[in-house]
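Listed here are the chains, written in short residue letters.
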Amino acid sequence: MALKIVGGLAVVAGFHAGAGAIDVPGRSLSAATLSEPVTRPGSTPSDARWRPTSSALIGLVGLALVVASFWFDGHTVSRGWWPLHAAIDLVHVVAAAVWAGGVFAMTTVVWMRRRNGLPTETAQMIVRFSSVAAISLAALTVAGAIMTYTIVESFDDVVSTQWGRVLIAKLFAVAVAAGSAFNHFRLRPALEQRPDDPALAVELRRTLTIESTVFVVIVVLTSWLVAAAI
């Protein structure tokens, strides 16, 4: 718990509006301008790279502490061989954080651009994140399956206990989020061909909002699973 508190405070302190800069050939932007499309004559959004500042490094250390805190909590210490469970838990938490964090970030960007009356221009963002999300989902699935195997002693533990029923609810929520994520692969070519289509912008916002909402449910269910006994 102490690691989570310290890490969380470091994340809040480190990742403020000005933490980091967006480097584009020919100029450097504050991270606070993420709500605006990063374009200039002769460049594309693919030129942009995020450069952390010293403040952002504090946030990154905080993230590392939060991730490490799961090694000393819940079923990681109560079930199975600790080194194996800790390694699998690391993969599971990082993959989930990358997937969910990317979805939350994209949701924030598209809604901020809409509020500011700016073009969505998310084709490059979707192209980049689709590959990352696919890898994260694969790692999350494999790690989650191994973790479940080390925790659950029999199939009866899944179907006859409250812990097992919450696990089933979480798996259902993950499946919904995964189904919504795969919708990006359908939207991606359409966005590349018609980046200014308002109908596609609406569909993208709706898809990302659904994913973000489902991820909130997943986080709540996961918190209960970590704290509860099987």
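In this text, all values refer to a predicted model and were calculated from it rather than measured experimentally.

For the protein chain, the helix and strand inventory stands at eight helices and three strands. When its helices and strands are written in sequence order, the protein chain yields α-β-β-β-α-α-α-α-α-α-α. Long-range contacts, defined as pairs at least 24 residues apart, comprise 70% of the intrachain contacts of the protein chain with a sequence gap of at least 6. As displayed, the protein chain offers around 12300 Å² of accessible surface, 70% of which is attributable to carbon and sulfur atoms.

Right, let's get into the confidence of the model for the protein chain. Averaged over every residue, the pLDDT of the protein chain is 75; the share at 70 or more is 74%. Here residues 30–45 is a poorly scored stretch, pLDDT under 50, and it has 42 contacts once near neighbours within four places are set aside; other chains count.

It is worth spelling out the environment of alanine 201 at this point. Counting through the fold element by element, alanine 201 comes out in helix α8 (residues 198–227). On the basis of relative accessible area, alanine 201 is assigned to the buried category, the value being 12%. Residues alanine 201 and leucine 187 lie 14 residues apart in sequence; the distance between their C-alpha atoms is 9.7 Å.

Here we take up the environment of glycine 7. With respect to the helices, strands and loops of the structure, glycine 7 is situated in helix α1 (residues 2–14). The buried category is assigned to glycine 7, whose relative accessible area is 0%. Spatially, the C-alpha atoms of glycine 7 and valine 61 are 7.3 Å apart, while their sequence positions differ by 54 residues. The contact partners of glycine 7, leaving out residues within four places of it in the chain, are Gly62, Leu65 and Val66.

In contact at an axis separation of 7 Å, α1 and helix α2 (residues 54–69) are set at 155° when each is read in the N-to-C sense. The angle between α1 and α2 places the two elements in the roughly antiparallel class. In the crossing of α1 with α2, the sense of the turn from one axis to the other is left-handed. Residues Leu3, Lys4, Val6, Gly7, Gly8, Ala10, Val11, Ala13 and Gly14 of α1 pack against Ser55, Ala56, Ile58, Gly59, Gly62, Leu63, Leu65, Val66, Ala68 and Ser69 of α2. By residue class, the composition of the contact of α1 with α2 is 11 nonpolar, seven polar and one charged.

Let us look at the packing of aromatic side chains. Under the counting rule described, the total for this entry stands at two aromatic pairs. Here the aromatic rings of tryptophan 99 and phenylalanine 215 are separated by 4.9 Å at their centres, their planes lie at 90°, and the arrangement is edge-to-face. Taken together, the residues tryptophan 99 in helix α4 (residues 82–115) and phenylalanine 215 in helix α8 connect sequence positions 116 residues apart. Judged by relative accessible area, which is 1%, tryptophan 99 ranks as buried. Judged by its relative accessible area of 5%, phenylalanine 215 is buried. One aromatic cluster is present, built from ring pairs that chain together Trp99, Phe104 and Phe215. It is arginine 205 that lies over the ring of tryptophan 111; its NZ or CZ is 5.4 Å from the centre.

With 16 residues, α2 extends 23 Å between its outermost C-alpha atoms, agreeing within 8% with the 22 Å of an ideal straight helix rising 1.5 Å per residue. Turning to α2, its buried residues are Ser55, Ala56, Gly59, Gly62, Val67, Ala68 and Ser69.

Moving on, we come to the nonpolar core. Within the largest apolar cluster, 24 residues are counted, with the highest numbers of intra-cluster contacts made by Trp99, Leu204, Phe215 and Ile218. Elements that contribute at least two residues to this core include exactly α4, α5 (123–151), α7 (162–193) and α8. A total of seven residues in this core trace back to one element, the largest contributor, which is α7. Membership of the second largest hydrophobic core comes to eight residues, among which are Val152, Trp163, Val166 and Leu225.

On to the packing of α4 against α8. Remark: α4 packs on α8, axes separated minimally by 9 Å, with the N-to-C direction vectors making an angle of 135°. Judged by the inter-axis angle, α4 sits oblique to α8. α8 is crossed by α4, and the crossing has left-handed handedness. Seen from α4, the contacting residues are Trp99, Ala100, Val103, Phe104, Met106, Thr107, Val110, Trp111 and Arg114; seen from α8, they are Leu204, Arg205, Leu208, Thr209, Glu211, Ser212, Phe215 and Val216. Looking at side-chain class alone, the contact of α4 with α8 contains 11 nonpolar, three polar and three charged residues.

About the thresholds
- Residues numbered from 1 in each chain as written.
- Predicted model: local features only at pLDDT ≥ 70, side-chain atom pairs only at ≥ 80, totals over all residues.
- Heavy atoms only, no water.
- Helix = DSSP H or I, 4+ residues; strand = E, 2+ residues; numbered from the N terminus.
- Contact = heavy atoms within 4.5 Å.
- Areas by Shrake-Rupley, 256 points an atom, 1.4 Å probe, with all protein chains shown as cover.
- pLDDT = per-residue confidence, 0-100.
- Buried < 20%, exposed > 50% of the residue type's maximum accessible area, 1.4 Å probe, protein only.
- Axes fitted to C-alpha atoms, helices over the stretch in contact; angles between N-to-C directions.
- Parallel < 35°, antiparallel > 145°, perpendicular 65-115°, else oblique.
- Left-handed = near helix turned anticlockwise from the far one by under 90°.
- Nonpolar A, V, L, I, M, F, W, Y, C, P; charged D, E, K, R; others polar.
- Phe/Tyr/Trp six-rings, centres within 6.5 Å; stacked < 30°, edge-to-face > 60°.
- Lys NZ or Arg CZ within 6 Å of the ring centre and 35° of its normal.
- Expected span 1.5 Å × (residues − 1).
- Core = buried A, V, L, I, M, F, W, Y, C linked by side-chain atoms within 4.5 Å.

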